[in-house]
Amino acid sequence: EARRPGGAPRRARARTPVSGAAGLVALLRERGLTVATAESLTGGLVCAALTSVPGASAVVRGGVAAYAVDVKAAVLGVDRSLLAERGAVDGEVAVQMAAGVREVLGASVGLSCTGVAGPDPADGQPVGTVFIAVVTSTSQIVHELRLAGSREEIRAATVEGLIRLAETACAA
């Protein structure tokens, strides 16, 4: 464990997910798949990581930064009653976001993330609660992440986690 002078532990720094993004872009190209992103707490960082890879235009259809609850419903088709009942930070919301962006942008694979980056809790969920989802024509995968760190660290770890989940789902 790395320690600062005086013995205090250092915060782990989230890695920039460019290598993961490059791997996902290569896998999507190899499989003849396209991808679209629906992002809440990351505000477009997943799509930015993917589009930073040379050749990404062959697989990335686009992204929707659905930060507001009404945008999740109006643009991505997330069920309004689900949002009213559970709030935006929910696994089923993440699945519906991924399915919605897949449909709206005409992609083979839909990726989504919704959660609480902080500094305050939201929708009854503590800071660091994140749901990530991958939806294809044959599968829906959703994972809950419990992350710690600053707002920036939580957002970066969300991007990394979603790209890793997408790689696993698309490789299967």
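Preceding this section is the structure that the text describes.
Residues numbered from 1 in each chain as written. Predicted model: local features only at pLDDT ≥ 70, side-chain atom pairs only at ≥ 80, totals over all residues. Heavy atoms only, no water.

Participant: Account for the sheet that holds strand E5 (residues 140-146), naming residues and giving values.
Facilitator: If you trace the 5 strands from one edge of the open sheet to the other, you get E2-E1-E3-E4-E5, paired in mixed fashion. Each edge of the sheet is formed by a strand with only one pairing partner; in this case those strands are strand E2 (60-65) and E5. On average, adjacent strands in this sheet sit at an angle of 10° to one another, irrespective of strand direction. Of the strand pairs in this sheet, strand E3 (residues 109-115) and strand E4 (residues 129-135) are connected by 6 bridges, and their pairing is antiparallel. Looking at the pairing, Leu111 lines up with Val134 of E4. Across the face of the sheet, helix H6 (residues 151-171) comes into contact with E3, E4 and E5 while running at roughly 30° to E4. (Pairing = 2+ DSSP bridges. Helix = DSSP H or I, 4+ residues; strand = E, 2+ residues; numbered from the N terminus. Axes fitted to C-alpha atoms, helices over the stretch in contact; angles between N-to-C directions. Contact = heavy atoms within 4.5 Å.)

Participant: An account of H6 is needed here, citing residue identities and associated values.
Facilitator: For H6, which comprises 21 residues, the first-to-last C-alpha distance of 30 Å matches the rise-based estimate of 30 Å (1.5 Å per residue) to within 8%. The complete set of buried residues in H6 reads Glu153, Ile154, Thr158, Val159, Glu160, Gly161, Leu162, Ile163, Leu165, Ala166, Ala169 and Cys170. (Expected span 1.5 Å × (residues − 1). Buried < 20%, exposed > 50% of the residue type's maximum accessible area, 1.4 Å probe, protein only.)

Participant: I'd like a rundown of the nonpolar core, residues and numbers included.
Facilitator: Within soluble globular proteins, side chains that are nonpolar generally end up buried alongside one another. Counting 31 residues, the largest nonpolar core has Leu50, Leu111 and Val134 as its most contacted members. For this core, the leading source of residues is H6, giving 8 residues. Other than its neighbours up to four places away in sequence, Val134 contacts Val109, Gly110, Leu111, Ser139, Gln140, Ile141, Leu162, Leu165, Ala166 and Ala169. Formed by 14 residues, the second largest nonpolar core is a distinct cluster that contains Val64, Leu76, Leu82 and Met97. (Core = buried A, V, L, I, M, F, W, Y, C linked by side-chain atoms within 4.5 Å.)

Participant: Please set out the pairing of strand E1 (residues 35-39) residue by residue, giving values where relevant.
Facilitator: On a regular strand, each side chain points to the face opposite its neighbour's, so the side chains alternate between the two faces of the sheet. E1 sits mainly inside the fold: 5 of its 5 residues count as buried. As judged from the 5 bridges shared by E1 and E2, these two strands associate in the parallel manner. Following the sheet pairing, Ala38 is matched in E2 by Val64. This β-α-β element, E1 to helix H2 (residues 45-51) to E2, shows right-handed connectivity. (Right-handed = clockwise from strand over helix to strand, strands pointing away.)

Participant: I'd like a description of the pattern of salt bridges, backed by residues and values.
Facilitator: Per the stated rule, a full pass over the model turns up 4 salt bridges. With a closest N to O distance of 4.0 Å, Glu85 and Arg86 form a salt bridge. Owing to a relative accessible area of 65%, Glu85 belongs among the exposed residues under this scheme. Measuring nitrogen to oxygen at the nearest pair gives 3.3 Å for the salt bridge that ties Asp90 to Arg86. Since its relative accessible area comes to 12%, Asp90 is described here as buried. The network of salt bridges with common partners includes Glu85, Arg86 and Asp90. (Salt bridge = Lys/Arg side-chain N within 4 Å of Asp/Glu carboxyl O.)

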